[in-house]
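Tertiary structure, described
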Amino acid sequence: MTAGHPVPPALRDELRRLGERWTSLPLALAEAHLPRLYAVANDLADRAGVGRRVPQLGPAVIIDQLSVLAYDLLAYGVEKADQRNATEGYLLDELVALRRSLSG
């Protein structure tokens, strides 16, 4: 973890890669993938203790929503080091799986 930033570089890089892939999709394909991305977003919200569902604002903002939720989860939702390591691993796995699933 970088001092002052709760999201480690590997996760930030994967969020960037996911965002790049997302913005390259045709709109219809992005819309078809939205349910999966919102399912992950809602899981992150649950893990972070947000207490409500993520508003479905559409393909233009879902990557930003995922980024904020990853930040919140790591900054406020994980207290113990072993939980943090497991959460970082879970997040990385989920983000990689999401990016790889974004195909026609």
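You'll find the structure just up there.
Residues numbered from 1 in each chain as written. Predicted model: local features only at pLDDT ≥ 70, side-chain atom pairs only at ≥ 80, totals over all residues. Heavy atoms only, no water.

**Considering the nonpolar core**
- W22, L37, L44, I62, L66 and L91 are the most contacted members of the largest nonpolar core, which totals 28 residues.
- Broken down by element, the residue count for this core peaks at eight residues, all from helix α2 (residues 27–48).
- Beyond its immediate stretch of four places on either side in the chain, L91 contacts L11, L44, A70, L73 and L74. (Core = buried A, V, L, I, M, F, W, Y, C linked by side-chain atoms within 4.5 Å. Buried < 20%, exposed > 50% of the residue type's maximum accessible area, 1.4 Å probe, protein only. Helix = DSSP H or I, 4+ residues; strand = E, 2+ residues; numbered from the N terminus. Contact = heavy atoms within 4.5 Å.)

**Focus: helix α3 (residues 62–76)**
- Here α3 spans 21 Å end to end across 15 residues, near enough to the 21 Å set by a 1.5 Å rise per residue.
- Of all the residues in α3, the buried ones are I62, I63, Q65, L66, L69, A70, L73 and L74. For α3, the angular spread of the buried residues around the axis is 155°, confining them to a single face. (Expected span 1.5 Å × (residues − 1). Arc of directions from axis to C-beta.)

**Observations concerning the packing of α2 against α3**
- At their nearest, the axes of α2 and α3 sit 9 Å apart, and the two run at 20° to each other. Considering their axes alone, α2 and α3 lie roughly parallel with respect to each other. Crossing handedness for the pair α2 and α3: left-handed. Facing α2, whose interface residues are L34, L37, Y38, V40, A41, L44, A45, R47 and A48, α3 presents I62, I63, Q65, L66, L69, A70 and L73.
- Looking at the contact of α2 with α3, its residues break down into 14 nonpolar, one polar and one charged. (Axes fitted to C-alpha atoms, helices over the stretch in contact; angles between N-to-C directions. Parallel < 35°, antiparallel > 145°, perpendicular 65-115°, else oblique. Left-handed = near helix turned anticlockwise from the far one by under 90°. Nonpolar A, V, L, I, M, F, W, Y, C, P; charged D, E, K, R; others polar.)

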